[in-house]
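# Notes for the structure review
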Amino acid sequence: MEAIIIISIIILISIIFVISYIKKIQSGSCCSTRGNENISKVKVADKNKNHYPYKKILQIGGMTCSNCAKKIENNFNKLGNVYAKVNFDKEELIILMKEELSDQDIENVIKDSGYRYYIKNA
């Protein structure tokens, strides 16, 4: 009897997971765009990495597509004096800065983008 109850609960959880996953797939991209639309990339004027004396490497959690990565990059690159690059496969963000940003400023940009992060030693 106990085994039947446990199996029933596992089946119910599996069904809920499958329904949730199907809804996510049908809704299109995880970001603010739909379907195959892409987020335009904010281009950095100065791409010479030698001009950026400060560097932080962060692990970003919650990215599910390349548009997520672009969204985070864009929000940093809009700041000016910052060159941000996300490696989607490694879930890693490298921030190069001409003037050092505080951890609070970095956290605010990432939270405003809708993600969470972990600081790695750089």
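These notes cover the structure that comes with them. Fair warning: this is a prediction, and the values are worked out from it, not measured in the lab.

### So, unusual backbone geometry
Backbone geometry at Asn 81 places phi at a positive 60°, although glycine is not the residue there. Note that Asn 81 resides in the loop between helix 2 (66–77) and strand 2 (82–87). Residue class for Asn 81 comes out partly exposed when judged on its relative accessible area of 40%. Backbone geometry places Glu 91, a non-glycine residue, at a positive phi of 55°.

### Remarks on the side chain of Asn 77
Structurally, Asn 77 can be placed in helix 2. Relative accessible area serves as the criterion here: at 8%, Asn 77 is assigned to the buried category.

### What about a nonpolar patch on the surface?
Taken together, the side chains of Met 1, Ile 5, Ile 9 and Ile 13 present a nonpolar region at the surface, about 460 Å² in accessible area. Within the element layout of this structure, Met 1 appears in the segment before helix 1 (2–26).

### So, the environment of Val 44
Mapped onto the fold, Val 44 is located in the loop between helix 1 and strand 1 (54–61). With relative accessibility at 12%, the residue Val 44 sits in the buried group. When neighbours within four sequence positions are excluded, Val 44 is seen to be in contact with Tyr 52, Asn 77, Val 82 and Tyr 83.

### Regarding the pairing of strand 2
Where strand 2 and strand 3 (residues 92–97) come together, six bridges link them in antiparallel fashion. Residue Asn 87 lies in a different strand from strand 3, and its bridge partner there is Glu 92. Taking the residues that link successive antiparallel strands as the turn, the strand 2-strand 3 hairpin has four residues, and the phi of Glu 91 there is positive, at about 55°.

Rules used in this analysis
Residues numbered from 1 in each chain as written. Predicted model: local features only at pLDDT ≥ 70, side-chain atom pairs only at ≥ 80, totals over all residues. Heavy atoms only, no water. Helix = DSSP H or I, 4+ residues; strand = E, 2+ residues; numbered from the N terminus. Buried < 20%, exposed > 50% of the residue type's maximum accessible area, 1.4 Å probe, protein only. Patch = residues over 30% accessible without salt bridge, like charges linked within 9 Å, V, L, I, M, F, W, Y side chains within 5 Å. Areas by Shrake-Rupley, 256 points an atom, 1.4 Å probe, with all protein chains shown as cover. Salt bridge = Lys/Arg side-chain N within 4 Å of Asp/Glu carboxyl O. Contact = heavy atoms within 4.5 Å. Pairing = 2+ DSSP bridges.

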